Amino acid sequence: MEKAISTISRTLEILDKYDLRPQKKYGQNFLVDPNIVEKIASLSADKDHISLEIGPGIGSLTEMLAKYSKKVIAFEIDDRLIPVLKDDLAHLDNVEIINQDFLNVDLNTLSFKDEIINVAANLPYYVTTPILFKLFESDLKIAKISVMVQKEVADRFKAKVNDEDYNALSVIVNYLYDVHVLTQVPASVFYPRPRVDSTVITFVPKVERDKEFEKKFFKLVKLSFTQRRKTLYNNLRTEYSSELVEDMLKQLDMKTSIRAQELSLDDFMKIYEVLNA
């Protein structure tokens, strides 16, 4: 039986065979510990649902997800990796590889958009927030989202009011999901080795989705954090009249000097209700 792709020997063999070098611009650091990869796959997927993978790389996690999923549909942006994935995963009949930047995908056109899915991804720092926002704001029927991110990024998802890392994403995640840490992943199990450790976190939906409300509410939250150094009043004035914002602050007994990072999810809900009364 052939070794798992996630072994260091097989990873190096594949890279050598296809004359590949990990690309920094895509944040490519390949997992080379089969035990950790299988743990992530088993906790991220289940046999009743499709797994949507973003950024499969050379297929380390894809291979394991196939074992635990009904089907794996993986989006890979790097053209060089498509023949690698198709060759090395050819023996798996429940894997589909799509050569496309996930951020450019129209999720409403996906053939599986009406099925329940689990999302799995090893996300580089520079695309973590846009990819998560795309998933959060989509109409996909997502059972859970499991992502591997830099440890410091994972910490931000649990940021509290007035924390340095507290931002619009913190508020939106708090509204939509329960966030759990699945496992810690040391830098030593990647090739090439990154400078920081990683964390696998999972987002489990906790509210009944109301897309019309969410579209307006998320827009308000993101607007409030547009410029962190500015007051809430100044950020909101770009979309609302000064009179309306002043009246809202007075009704909620908030100072005109208050900033978005001082406000809780409940505060934002109250602000939304007053501004949209």
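A. Region of the structure containing the sheet that holds strand β3 (residues 71–76). Within the open sheet, the 7 strands sit side by side as β4-β3-β2-β5-β6-β9-β7. Their pairing is mixed. A single partner strand is all that each edge strand has here, and the edge strands are β4 (95–99) and β7 (177–185). For this sheet, the mean inter-axis angle between neighbouring strands, taken without regard to orientation, is 20°. With 7 bridges connecting them, strand β5 (residues 116–122) and strand β6 (residues 141–150) associate as parallel partners. Residue pairing across strands places Ala121 opposite Val147, the latter belonging to β6. Helix α2 (residues 34–44) contacts β5, β6, β7 and β9 (198–205) of the sheet and is inclined by roughly 165° relative to β7.

B. Representation of the nonpolar core. Counting residues in hydrophobic clusters, the biggest one holds 65 residues, and the most contacted among them are Phe136, Ile145 and Phe203. Counting residues per element, this core draws most heavily on helix α7 (residues 168–176), at 7 residues. Those residues in contact with Phe136 that sit more than four places away from it in its chain are Ile145, Leu169, Ile172, Val173, Leu176, Tyr177, Phe203, Arg209, Lys211 and Glu214.

C. Looking closely at the confidence of the model for the protein. Per-residue pLDDT for the protein has a mean of 94; in total, 100% of the residues score no lower than 70. When pLDDT is averaged over each element of the protein, strand β2 (residues 50–54) comes out on top at 98 and helix α6 (residues 151–156) at the bottom at 84.

D. Quick peek at helix α5 (residues 128–136). Here α5 lies mainly inside the structure; 7 of its 9 residues are buried. When we look at burial in α5, the residues that qualify are Thr128, Ile131, Leu132, Phe133, Lys134, Leu135 and Phe136.

E. Representation of the packing of aromatic side chains. A complete count under the given rule lists 14 aromatic pairs for this structure. Relative to Phe102, the ring of Phe75 has its centre 5.6 Å away and its plane inclined at 65°; by these criteria the two rings are edge-to-face. Of this pair, Phe75 sits in strand β3 while Phe102 sits in the loop between β4 and β5, and the two are 27 residues apart along the sequence. Side by side, Phe75 and Phe102 carry an identical accessibility label, which is buried. Taken together, a centroid distance of 4.9 Å and an interplanar angle of 85° make the contact between Phe213 and Tyr272 edge-to-face. One end of the pair, Phe213, is in helix α8 (residues 211–224); the other, Tyr272, is in helix α11 (residues 265–275), with 59 residues separating them in the sequence. Joined through ring pairs, the aromatic side chains of Tyr175, Phe213, Phe217, Phe218 and Tyr272 make up one cluster.

Definitions and cut-offs
- Residues numbered from 1 in each chain as written.
- Predicted model: local features only at pLDDT ≥ 70, side-chain atom pairs only at ≥ 80, totals over all residues.
- Heavy atoms only, no water.
- Pairing = 2+ DSSP bridges.
- Helix = DSSP H or I, 4+ residues; strand = E, 2+ residues; numbered from the N terminus.
- Axes fitted to C-alpha atoms, helices over the stretch in contact; angles between N-to-C directions.
- Contact = heavy atoms within 4.5 Å.
- Core = buried A, V, L, I, M, F, W, Y, C linked by side-chain atoms within 4.5 Å.
- Buried < 20%, exposed > 50% of the residue type's maximum accessible area, 1.4 Å probe, protein only.
- pLDDT = per-residue confidence, 0-100.
- Phe/Tyr/Trp six-rings, centres within 6.5 Å; stacked < 30°, edge-to-face > 60°.

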